Amino acid sequence: MAGMDEVGRLFNNNELIVAEVLQSAEAMKAAVRHLEQFMEKSDTAARGKIILATVKGDVHDIGKNLVEIILSNNGYNVVNLGIKVQPETLIEAIRKERPDMVGLSGLLVKSAQQMVITAQDFKSAGVTVPILVGGAALTKRFTDTKIAAEYTGPVFYAKDAMNGLDLANRWVDESQRPELLKKTEADRAAMVKIAEGMEKKPQGVADGRSRSNVRRDVPLPKAPDFDLHQIEEGPLREIFSFINPSMLYGKHLGLKGNLERLLAEKDERAEKLYAAVTAMQEEILAKRTLKAQGIYRYLPCRSRGEDLLIYDPADPTRLLETFTFPRQPAGERLCLSDYVRETDSGEIDSVAFFVVTLGRGVRALSQQWKEAGEYLRSHLLQAIAIEGAEGFAEWVHRKIRNDWGIPDPPETTIPEVLKNKYRGVRVSFGYPACPNMADQRKLFRLLDVTAKIDVELTDGDMMDPEASVSALVFHHPEAKYFRADT
Ligand code: B12
């Protein structure tokens, strides 16, 4: 497997980008498949065995699948247990498979906490196999101070798939293992010290004012209606035009630099990638592989302190739901509720909620392609679906602004929309201004989501399928993104 080692090294040096690594892996897989018939069983012995799983309550597939492809094409026997995997299932699989390592993945902060619980369950079951953890919301600090603290065996944090491969390689190589363990332990001890120091620091001091200076007298736009609007099949081609290229090409496919500029400079790599993405999008459109489903609704509301009160449109004296948001402890002292008219104003304001998805069928099809060795296509489908879901959110948000009577100036371009150049703000539960993921349940009730579109909430309050976005839209002209925890 020297070939893929080479690929790995190049990738680490930023010479190969994700899309190219996947293509190399495809070629490698095809070659190995061909050669296997001429090989003795012992020639194909794996470098090691790794169980991979996305933790309980979490549907994150794309990151874990990338890790699977990279590991298996570097000689590892990978047992991918899928998504939403309970600790008991993992423990059973560990006893049966006797892996060298267990890789845990998760997208959200809540999943990082689930990793702590999983480590505790492993410990109670007497499991000590090394754990490799990764995912967008996870940090080395959390891994060292919270997960490793609950476990008897080693816990390694991987910032990306290639880092995960490197850690696995060092673990399975007995000559490198002692050094890896020593370094991991030293890093962990240092991290625990730093974390202790940080915890002692005061968290930000309130300055005596209870509310921000956000204006309370801006004229209120009128919601067109309070009906439930269901989008059974949104215009996919238009939705694709709202995909943020820096996310799709940069984050998911690994292209460095601005796509438009690279295309203008006739950069060969950018041109190839652009062609691959366009071909996949055309195929999706022709075969109707993805379905854009959404639901949105304006609702009457008012605020009281940090509460956002949602009323029944049929009877505005009847409270339907209350959301409570955190307020910044210092500085501007912003809180999302400040963007809404207060109860004592005598006026009724409005907010909009929505849920969109592009995820139906994606997991099964991308898995099918992955198993057939079509790694790039499998990854492209997932990446287009998840960034398409964000594009769909952008599209619905623009429609909401239009219908609310606060349209963007006519000269506004899509790149400007993607840079939030519009009136108001769209936040999602789990974001720093409204971190409470459990509020997803209230939103789902208000829109009757599960009955109307193919999206469900997991027991971690995540949406299944993965390529889904929920949001809360405010119209206030001063509304902006902020963190409520600093
Ligand atoms: C793209 C994105 C999305 C996309 C797709 C998500 C996805 N599947 O990746 C969409 C638009 C669908 C989305 C939706 C949501 N998102 Co989002 N999203 C992001 C964003 C911007 C990037 C994530 C990313 O890079 N994904 C690409 C994959 C490939 O990367 P990855 O998962 O990190 O995996 C790599 C490594 O981490 C590592 N890795 C991962 N697992 C493992 C395992 C092992 C063993 C190893 C070795 C390595 C490894 O290798 C992978 C490849 O290199 C992050 C912010 C950020 N900068 O990280 C927010 C972020 C993760 N999202 C967030 C939130 C809140 C959400 C939503 C809940 C919002 C909402 N209410 O709609 C939803 C949840 C979706 C759902 N189904 O429930 C928060 C999470 C914070 C929290 N409170 O938990 C973040 C951090 C943004 C923020 N700052 O608030 N999101």
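Figured I'd write up the structure that's included with this text.

Thresholds applied
Residues numbered from 1 in each chain as written. Predicted model: local features only at pLDDT ≥ 70, side-chain atom pairs only at ≥ 80, totals over all residues. Heavy atoms only, no water. Helix = DSSP H or I, 4+ residues; strand = E, 2+ residues; numbered from the N terminus. Rg over C-alpha atoms; globule rule 2.2 N^0.38 Å. Buried < 20%, exposed > 50% of the residue type's maximum accessible area, 1.4 Å probe, protein only. Lys, Arg positive; Asp, Glu negative; His and termini not counted. Charge placed at Lys NZ, Arg CZ, Asp CG, Glu CD. Near = heavy atom within 4 Å. Polar contact = N/O pair within 3.5 Å; in protein donor to acceptor, adjacent residues only side chain to side chain. Nonpolar A, V, L, I, M, F, W, Y, C, P; charged D, E, K, R; others polar. Domains from an automatic or database assignment. Pairing = 2+ DSSP bridges. Axes fitted to C-alpha atoms, helices over the stretch in contact; angles between N-to-C directions. Phe/Tyr/Trp six-rings, centres within 6.5 Å; stacked < 30°, edge-to-face > 60°. Lys NZ or Arg CZ within 6 Å of the ring centre and 35° of its normal. Core = buried A, V, L, I, M, F, W, Y, C linked by side-chain atoms within 4.5 Å. Contact = heavy atoms within 4.5 Å.

What to know about the overall build of the protein
Next up, step 1: For the protein, the count of helices and strands is 17 helices and 14 strands.
Next up, step 2: In terms of C-alpha radius of gyration, the protein reaches 24 Å, essentially the compact-globule figure of 23 Å for 486 residues.
Next up, step 3: Each of the three principal axes of the protein carries a C-alpha extent, and together these read 80 × 55 × 45 Å.
Next up, step 4: When burial is assessed residue by residue, the protein has 50% of its 486 residues classed as buried.
Next up, step 5: Charge separation in the protein, taken as the distance between the mean sites of 65 positive and 71 negative side-chain charges, equals 3 Å.

Remarks on the site of the ligand
Next up, step 1: The full set close to the ligand counts 41 residues, and H60, V109, K251, M463 and E466 are the nearest of them.
Next up, step 2: Within the backbone of G135, a nitrogen or oxygen atom sits 3.3 Å from an oxygen atom of the ligand.
Next up, step 3: Within the backbone of A136, one N or O atom sits 3.2 Å away from an oxygen atom of the ligand.
Next up, step 4: Counting only elements with at least two residues in the shell around the ligand, the list comes to α3 (62-72), β3 (101-105), β4 (131-134), α7 (161-172), α10 (245-252), α14 (375-404) and β14 (468-474).
Next up, step 5: Sorting elements by how many residues they give to the shell around the ligand places α3 first, with four residues.
Next up, step 6: Taken together, the residues that form the shell around the ligand break down as 22 nonpolar, 13 polar and six charged.
Next up, step 7: Composition of the shell around the ligand by domain shows at least three residues from each of domain 1 (46-196) and domain 2 (229-474).

Quick look at the sheet that holds strand β5 (residues 155-157)
Next up, step 1: Here we have five strands laid out as an open sheet, ordered β2-β1-β3-β4-β5, and parallel in their pairing. Of all the strands in the sheet, just β2 (76-80) and β5 have a single pairing partner and so form its edges. Direction aside, neighbouring strands of the sheet carry axes that sit 25° apart on average.
Next up, step 2: Across four bridges, the pairing between β3 and β4 is parallel. What sits directly across from V102, in β4, is I131.

Focus on the packing of aromatic side chains
Next up, step 1: According to the stated counting rule, one finds eleven aromatic pairs in the structure shown.
Next up, step 2: Seen in terms of ring centroids, F323 and F325 are 6.4 Å apart; in terms of plane orientation they differ by 5°. Their pairing is stacked. Take F323 and F325: they sit in the same class, and that class is buried.
Next up, step 3: On the basis of an interplanar angle of 45° and a centroid distance of 6.1 Å, the ring pair of F392 and W395 is categorised as tilted. Placement of the pair is F392 and W395 together in helix α14, with a separation of three residues, close to one helical turn. Like W395, F392 is buried.
Next up, step 4: Of the aromatic side chains, those joined through ring pairs into one cluster are F323, F325, F353 and F429.
Next up, step 5: One residue, R401, lies across the ring of Y422, its end atom 4.0 Å from the ring centre.
Next up, step 6: Its end group placed over the ring of F323, K442 keeps NZ or CZ at 5.6 Å from the ring centre.

Considerations on the nonpolar core
Next up, step 1: L290, F354, I384, F392, V396 and I400 are the most contacted members of the largest nonpolar core, which has 58 residues in total.
Next up, step 2: Per element, the largest residue contribution to this core is 15 residues, and it comes from α14.
Next up, step 3: Taken domain by domain, this core gets at least three of its residues from each of domain 1 (46-196) and domain 2 (229-474).
Next up, step 4: Setting aside anything within four residues of it in sequence, one finds L290 in contact with L236, F240, I284, L358, V362, L381, I384 and A385.

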